[in-house]
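Tertiary structure, described
Below are the chains, spelled out letter by letter.
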Amino acid sequence: MAANTAVPSLSGAPRCALDFSTINHSGDAACSVNGCAGLGRGESGGPGVQFSRCYSKLCSLTPSDMESFKTELNLLFDQLISENYYSDYDVCSLLVQASRLVKYNQEHLVIKFCQLTHHLLNRLQVIVDEPSFDRLVSYSTRALAACSPWTHAEILQALAALVYGNGPKCQKYLPDLLGRGGVLVRYSSPSQPDLELRRTAVHCLANLCLGLPGQPYLEESYRSVCFQTFLQILQAPRPPNVDDIVFCMLLQDALKGMQYYLNGAKGKLTAGEHLGTLLAVLKKYMFFGLWGINLEMPTILYPTPLPQYEGVPAKAEPEAGHGEDDEEAQEAEVRQSPRKAGGGETHSHWSLGPTYAGRPSSVAQREAPPSLYPSWKRSSSDSEFSDPEGGMQSKLRLYQARVRQGALHCFLAAVKCVEKRVLYGYWSSFVPDAPSIGSPPALTLLTIALKDPSPKVRAGSLQVLSALLEGSRKFLSAAEDTGAPRQAFTPFSVTLAGSLRELHRGLVLALVAESSSQTLTQVIKCLAHLVCNVPYGRLRPGLLKTLWQQIGPYVSHRDVNVRVSSLTLLGAVVSAQAPLSEVRLLLQQPPGSGSASGALSGPSTPQEAQPQGGRSGPEKEAPSSCGRLPEGNSQSQCWLLQLCVSLVVQPREDPCSDSDAGAAAPGALEPSPVRLEALQVLAHLVRGYFSLVQAHLLELGEVSAQCLRETDPSIQLHGAKLLEELGSGIIQQYRGDSATEQAYRVPVRQVVQFWLEVLSGPLTGALQNELHPTLQTSACDILSSILPQAFTQLPDKSQLLCITVLLGLSYSENSPVKAAAVRALGVYVLFPCLREDVMFVADTANSILTSLEDRSPNVRAKAAWSLGNLTDTLIVNMASVGRDFQEEFSDMLLLKMLRSATSACLGDKDRVKSNAVRALGNLLHFLQPAHLSRSGFEGPMDEAVRALIDAVRSDATMKVRWNACYALGNAFRNPALPLGTAPWTADAYSALSQAVTCCRNFKVRIKSAAALSVPAERDRYGGAAQFGKLWRALARALECSNEAEDFLEYRYCAGLRTQLCRTLLHLMSLCQPDDLPAVAAPLAEESRPALHAYFAHYHLDEGNQGQPENDGVRESCQPQEKLGRLEEIVAHLRSFPEMSPHTREAQTQVVSFLEEVLRSCHESQLMLNGIK
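Residues numbered from 1 in each chain as written. Predicted model: local features only at pLDDT ≥ 70, side-chain atom pairs only at ≥ 80, totals over all residues. Heavy atoms only, no water.

Things to note about the overall build of the protein chain
Across its full length, the protein chain carries 56 helices and zero strands. For the protein chain, buried positions account for 57% of its 1172 residues. Sequence separation of at least 24 residues holds for 75% of the intrachain contacts in the protein chain that already meet a minimum separation of 6. For the protein chain, the computed accessible surface area is about 49000 Å², with 52% contributed by carbon and sulfur atoms. (Helix = DSSP H or I, 4+ residues; strand = E, 2+ residues; numbered from the N terminus. Buried < 20%, exposed > 50% of the residue type's maximum accessible area, 1.4 Å probe, protein only. Contact = heavy atoms within 4.5 Å. Areas by Shrake-Rupley, 256 points an atom, 1.4 Å probe, with all protein chains shown as cover.)

Right under this line is the structure:
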C-alpha cells in the first residue's frame, strides 16, 4: 500500500509509516487502496508522464472538506510518493499547489503532504526558489502550531528537508523555531518524552546549521543555541526504556549537527571550556558500542602533555555489542589475524574479548573466554551471524558504527576549525604514549584503527590522525630520544619521542592487519603524513627500517589506490630530512636482503598471502600476481630507482584485478596515477640522494625524454620536473661549499653528454609548445639547471639554441612562461662564458627591463632577481675584464637600468624591492667618474641613493632592509661617489646608525655595521660631528648587543659584536685630532667596562664562530695579528702633533683605554700559556 510505504529519512534511517486505516474510516481506507491500485495499472508512461498527470490533477482541484476530495487527494499523494523520479520536474510548483489544497484540520493529509515534501526534495535534490521556500516553510511552521502533537514528527521531517542548507533564508521564522520557547528548542530538550520527536527536531536543527559554499551561515546567536542543544544531547546519559536504534539515530543527528556547526566555525573555536567539553564527548562516542570498552570520560578535557583519563576494559555490563552491517560483516569475516611486525603482535594490549550473539550481554561477558584477536579477525566458523537474532544484532551494530563514524567526522571538522597549536595540548588524549609496564593501555585514535570492526570507522580514525599530523613538524620537532635515559624525570621531548615510536608501531600493525583496500589506503596515507613530520634526526634510528620492510609488497597490490599511496609513502621516506644515513643504507641494500626491495621480488602483502578463513605466518606467503622484480642484483644499484623506472616506462606484466584492469590492453603501461607517483618518487630520490642515482644519469634522462614525448600533460610535466632535479643535483655537487669530493662528482664530460642528449630530444618541442604553457615554464626551468662548466663545453649551436629560445620566451604573453624565461636568463648571465659577452648582457638587460614593467608581480620579482644577477656580473667584469667592458657597455642602457631599479625600489612590492636594492647597490658601485660627470646621471644617482636610504629606514620586510644595508655598503666602495660631500651623506649615515642600534633583527644590524666600515678614507665620513654620531651609535650598539626582543636573535649576538668591534677599530684607525673628544666620551662613562670586555674578547677569539661575512674582505682571525693591528692604532693615535688641552685629554683617555685592552689580552695569553 503506497500510503504505508516507509520513506527513508535524511539520516538514512527508515521512517515509520502511518497506517491510515487506523485513522480514517475503513471505507475510506479501502477506497484509497483500490483507487491507488487502479491508477497504477490504468495509466501508462514513465515517471515524467505520471508526474505531469498528477500535477495537472492537483491544479484542477479546489480545497474542500468532502470525503471524496480527501480520498482523491490522498490517492494523488500516494501515487507521487510511490514513483522513483530521476529528473528535476517542477517540484516547487507542485508542492506549493498541494499546500494550498491541504487544510490544517485535515491532519492525515497534512502528514501525507509532509511525507511527499520529504520524499521529493530528498529524491531530486531540488533547489527551492525563494517564493516557494517562503510558502512551504510558512505552511510547515503554522502546521506545527495548528496540528495535533502526534503529527509534528512528520511535519518536522518535511521542514528538515526544506531548510537543508537554507538556514540563513529562514530569518523571519527563526524566532519561532530557535528563539526562547521555540518549537525546535522545546522538542529537542531533554524533557521531551517522545524520543522520536526529539530526534526529528535535532535533525531539523542540524540541517539549519548546514552551510553551503558561497552562502552565509546561520547567525551566531542561533548557531549558539544549536551548539548547546547538540552538546547537551551528547553529554546526557541514555534515557531508560529507550530503543537502542532510536537512541543511536538521535546521537547520529546530534553529531551530524555538531559537524555542520564546526564546518561553519573556521577559526572561531578557541581553547576553553567549550573545546574541552566537545573533545570529551567526541572521545566518548568514538568508542560507542564497542564490546568490552566502557570509556568513562570527564565532562571536560584539559590541555596537558600527560594522559589524564584512561579507559580500561569494562567489567560492568556494556551498553551494547559491536559489529557492522552484513556487507561489512562479510568483509570482516575474511580478515586474517595479524603477523608480527614492528617488533610485536596486536594481542599485546589491543585485544578485545569475543561477543556471543543472541545472549544477554552480561551473560556473554561472564562466559567469554579470553581471545588474542578481536572478533573481526576471527574465521567465519566463529561468526555470530548464524544466530537467529543475528539480524537485529547486526542492525544495532550498524547504527552503533554510524555513531562512531559520526563522532570521528565531527572530530575531523574540529581539527580543521581549531588552531593546531591549541589542539596539540590535547595530544596525549588522542595519540598513544609509549606503553608502560603494568598500566592499562590508553584508548586513542590508534586503538580504533586497530580494533574497530567497521572498516569505515577505522578509515575515519586514520583520517583524523592524518589531519592532526599534517603540518605538525614544528610541534614534533621537540621530540628527542638520542641521549642517555634520565632516571629522575621524563622530559617532554622524551615523552613525545615515545609517542612517535608508538605511532610507528601501531600504524605498521594496522598496515599488516588491514584487509579493506579503502582503509588500507588511509593507513598508508597516514604513515606518509607521519613520516613527513617526524624529526628522525633527533630520534634513535630504526623506525624507518621497520616501515621500509613492510611497505614493499604494497607497491604491487591489486588495488591501484593502494599502489599509489605506497609510492607516496616511499617518496615521503626518501624526502624526510634528506639525506638520512638510515635511508641511505636501506636504499643501498640489494634485493632479498630483508628490506622492502626483497619483498618486491616475490612475497605478496600479508592479506594476499593468507588463505581465507585462517591464519598464516610469514612463512606461508604466496607470490604476488602482479609483482615486479627490479633488474639487476648489484649492490651498486638503487632498487627503488629501478622499480620506479620500470613502473614509468615498462608495460605491465599482468593487468591485475583492480579498478583499472577493465580498460587495460595487453602491453599497456601502468595507470597514470601510479606512473605520476613513481616519477615523484624519482624526483625526491634525485633531490635527496643524488650520489646513489648519479650512475644512472643517462638512463634517467632517457626516462624523462620518453615522458616528454607522451601526450598526457601530467606525465610530461613530471618528466620535466625530473630533468630539472637531475640538473640541480649536478649543480649542487659542483658548488663551492659542496661536501662531495672531486673524484665522486659526475664528470663534466658525462654532464655534457647528458645535456646534448636532452637538447637534441623532445625538450625543444616542449619549449615551443604554446598550447601547453605550463610545460614551457618547466622547460625554461630545465634550461636554467645546466651546469655552467658543461654549458661552456656545449657546441655553439646548442648554446645559441638555449639563448635564443629564452630571449624569445622572455617576451611571451603568458606570465609564468615569461617569469621562468627571465629567471633562466638571470642564471645564464652569471656563466663565465657569457658574462663577458657585451651583446648577450645587453640583450638580457633589455629583456629584464621590459619584464620589470609587467603587470604580474611574479614576473617583476623574477626580473628584479635577474637584474641583481646581471649587476653582479657588471661588478665581476670590473675586476676580470677591466675598462674595456665598461666602455663597450651602453651608457643609455646603464641609465635605464638605474632608473628602473630605483622605480622598483620605491613603489613595488617587497619581493621585488629585495632584489631591486641589490641591483641599485651594484649599479652605484659600477658607475665611473665619466658617468658621474654627466648631468644626465647626477639626478638618477641621487634618487638611487635616496631610495636605498628610504629602504633602510622603512618598515619593509627584513630581507629588504638587510639587502638595502648591503647595497649602501656596496655603493660606498665606489671612490667616484661623492660620499662625505653630497647632501645625502648625513641621511645615509643616520639611517645606518639607526638600523645598527634599533632594528630588532640582528642580521640587519650586522649588515648596517659592515656598511659603516666600508669607507677607507676619513673625509668620506663627513665632519667631526658626523663622525662622533657614528662612533656613539656603534658604541651604544655594542653595549646593548645582548638585548634582543626575539629569543631567536640571540644566535647572532656573537656575530654582531664581532662586526661592531671591527667597525669601531676601523673608525679609530682613521681618527683625526678633532674626532678624539667624541671618541673619548663613551669611554669615560659607565659603558667603559662593557666595551673593554667586548674588545678584549674580540682580540682573543681564535675561531670564526659567529663571525659574519666581511663583504669579501678577508681578515685574519688570529689573536696575534689582531693585537698587532691594535698596537698600530695606538701608535697612530699617539702620533698626532700639537693639540689643545681638551683634545690632549681626550687622546689620553682613548689611548689609555686601548692600552688597557692590550694589557688584558697579553695577561690572558700568558695565563693560558702557563696553564698549557
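Right, picking up where we left off after that structure.
Quick notes on the side chain of Lys 283
The residue Lys 283 is located in helix α13 (residues 273–286) in this model. Among the polar contacts made by the side chain of Lys 283, one reaches the main-chain carbonyl oxygen of Ser 429 at a distance of 2.6 Å. (Polar contact = N/O pair within 3.5 Å; in protein donor to acceptor, adjacent residues only side chain to side chain.)

Quick word on the side chain of Asn 1001
Tracing the backbone shows Asn 1001 in the loop between α49 (985–998) and α50 (1002–1012). Within the local environment of Asn 1001, its side chain forms a polar contact with the backbone nitrogen of Val 1004, the two atoms lying 3.1 Å apart. Once you skip the residues sitting within four places of it in the chain, Asn 1001 turns out to touch Met 958 and Glu 1049.

A short note on the pattern of salt bridges
Applying the stated criterion to the full structure yields 31 salt bridges. Residue Glu 419 is joined to Arg 421 by a salt bridge in which the shortest nitrogen-to-oxygen separation is 3.0 Å. With a shortest N-O distance of 2.8 Å, Asp 908 and Arg 860 are connected by a salt bridge. With Asp 908 in the loop between α44 (891–907) and α45 (910–926) and Arg 860 in helix α42 (residues 857–880), the pair connects residues that are 48 residues apart, well separated along the chain. Look at Asp 908 and you get buried, because its relative accessible area is 16%. (Salt bridge = Lys/Arg side-chain N within 4 Å of Asp/Glu carboxyl O.)

Some details on the nonpolar core
If you look at the biggest cluster of nonpolar residues, it comprises 362 residues, and the most contacted ones within it are Leu 178, Met 258, Phe 411, Leu 587, Leu 640, Tyr 828 and Met 897. Excluding residues that lie within four positions of it along the chain, Leu 587 makes contacts with Trp 548, Val 574, Gln 637, Cys 638, Trp 639, Leu 640, Leu 685, Tyr 689 and Leu 692. (Core = buried A, V, L, I, M, F, W, Y, C linked by side-chain atoms within 4.5 Å.)

Side note on the packing of aromatic side chains
Counted under the stated rule, the structure contains 22 aromatic pairs. Note on Phe 475 and Phe 492: the rings are 6.2 Å apart at their centroids and 55° apart in plane angle, and the pair reads as tilted. Separated by 17 residues along the polypeptide, Phe 475 in helix α21 (residues 473–476) and Phe 492 in helix α22 (residues 492–513) bring together distant segments of the chain. Where Phe 791 meets Phe 831, the ring centres are 5.2 Å apart and the plane angle is 55°; that geometry is what we call tilted. (Phe/Tyr/Trp six-rings, centres within 6.5 Å; stacked < 30°, edge-to-face > 60°.)

A word on the confidence of the model for the protein chain
When pLDDT is averaged along the protein chain, the result is 81; 80% of the residues meet or exceed 70. At the low end of the mean pLDDT range in the protein chain sits helix α1 (residues 26–42), at 32; at the high end sits helix α39 (residues 815–828), at 97. Segment residues 306–388: pLDDT under 50, and 190 contacts once partners within four positions in sequence are set aside and those in other chains are kept. Note that residues 1104–1115 has pLDDT below 50 and, in this model, 28 contacts with residues that lie over four places away or in other chains. (pLDDT = per-residue confidence, 0-100.)

Some details on the state of the cysteines
For the structure shown, the criterion picks out zero disulfides. We note that Cys 204 lacks a disulfide partner, and the nearest cysteine sulfur, in Cys 170, lies 8.2 Å from it. A relative accessible area of 0% means that Cys 204 is categorised as buried. (Disulfide = S-S within 2.5 Å.)

Details of the packing of helix α4 (residues 91–101) against helix α6 (residues 130–146)
Contact pair α4 / α6: the axes reach a minimum separation of 10 Å and the direction vectors enclose 35°. Taken as a pair, α4 and α6 cross one another with a handedness that is left-handed. Across the interface between the two elements, Cys 92, Leu 95, Val 96, Ser 99 and Arg 100 of α4 pack against Ser 132, Arg 135, Leu 136 and Tyr 139 of α6. (Axes fitted to C-alpha atoms, helices over the stretch in contact; angles between N-to-C directions. Left-handed = near helix turned anticlockwise from the far one by under 90°.)

Thoughts on the packing of α49 against α50
Geometrically, a packed helix pair is captured by the angle between its two axes and the distance between the axes. Where α49 meets α50, the axes come as close as 8 Å, and the angle between the chain directions of the two elements is 140°. In terms of orientation, α49 and α50 fall into the oblique class. Judged by the sense of rotation from one axis to the other, the crossing of α49 with α50 is left-handed. On α50, the residues touching Tyr 989, Leu 992, Ala 995, Val 996, Thr 997 and Cys 998 of α49 are Val 1004, Arg 1005, Ser 1008, Ala 1009, Ala 1011 and Leu 1012. Taken together, the residues of the contact of α49 with α50 sort by class into nine nonpolar, two polar and one charged. (Parallel < 35°, antiparallel > 145°, perpendicular 65-115°, else oblique. Nonpolar A, V, L, I, M, F, W, Y, C, P; charged D, E, K, R; others polar.)

Description of the environment of Arg 238
Within the secondary structure, Arg 238 is located in the loop between α11 (220–235) and α12 (244–263). The exposure class of Arg 238 is partly exposed, given its relative accessible area of 33%. Expressed as a C-alpha distance, the spacing of Arg 238 and Cys 248, which sit 10 residues apart in the sequence, is 9.9 Å. Side-chain polar atoms of Arg 238 contact the backbone oxygen of Val 242, separated by 3.2 Å.

Some details on unusual backbone geometry
With an omega dihedral of 0°, the bond running from Ala 578 to Pro 579 counts as a cis peptide bond. One can find Pro 579 in the loop between α25 (560–575) and α26 (581–588). With a phi close to 55°, Asn 241 is a non-glycine residue in the positive phi region. Topologically, Asn 241 is positioned in the loop between α11 and α12. Given a relative accessible area of 84%, Asn 241 falls into the exposed group. One non-glycine residue, Gln 577, adopts positive backbone phi at about 45°. Mapping Gln 577 onto the fold places it in the loop between α25 and α26.

Side note on helix α20 (residues 455–469)
Taking 1.5 Å of rise per residue, 15 residues should cover 21 Å, and α20 covers 21 Å from first to last C-alpha, within 8% of that figure. Counting buried positions over the 15 residues of α20 gives 13, a clear majority of the element. In the segment just after α20, Gly 471 is the residue with positive phi, at about 75°. (Expected span 1.5 Å × (residues − 1).)

Section: a negative patch on the surface
A cluster of acidic residues, Glu 1039, Glu 1043, Glu 1085 and Glu 1086, forms a negative patch on the protein surface. Mapped onto the secondary structure, Glu 1043 falls in the loop between α51 (1024–1039) and α52 (1053–1069). Here Glu 1043 falls in the exposed class, since its relative accessible area comes to 54%. (Patch = residues over 30% accessible without salt bridge, like charges linked within 9 Å, V, L, I, M, F, W, Y side chains within 5 Å. Lys, Arg positive; Asp, Glu negative; His and termini not counted. Charge placed at Lys NZ, Arg CZ, Asp CG, Glu CD.)

Quick notes on a nonpolar patch on the surface
On the surface, a nonpolar cluster with roughly 360 Å² of combined accessible area is contributed by Phe 1047, Leu 1048 and Tyr 1050. Position of Tyr 1050 among the secondary structure elements: in the loop between α51 and α52. Its relative accessible area of 39% is what places Tyr 1050 among the partly exposed residues.

Side note on helix α38 (residues 796–809)
The terminal C-alpha atoms of α38 lie 20 Å apart, and with 14 residues this matches the ideal 20 Å at 1.5 Å per residue to within 8%. When we look at burial in α38, the residues that qualify are Ser 798, Gln 799, Cys 802, Ile 803, Val 805, Leu 806, Leu 807 and Leu 809.

Thoughts on the environment of Glu 770
With respect to the helices and strands, Glu 770 occurs in the loop between α35 (763–767) and α36 (773–783). On the accessibility criterion, Glu 770 (68% relative accessible area) is exposed. Sequence separation between Glu 770 and Val 817 is 47 residues, and the spatial gap between their C-alpha atoms is 9.7 Å.

What about the environment of Leu 178?
Turning to its location among the elements, Leu 178 is positioned in helix α8 (residues 174–178). Sequence spacing of Leu 178 and Arg 223 is 45 residues, and the spatial spacing of their C-alpha atoms is 9.3 Å. Setting aside residues no more than four positions away along its own chain, Leu 178 makes contact with Leu 184, Val 185, Leu 205, Leu 208, Leu 218, Tyr 222, Val 225 and Cys 226.

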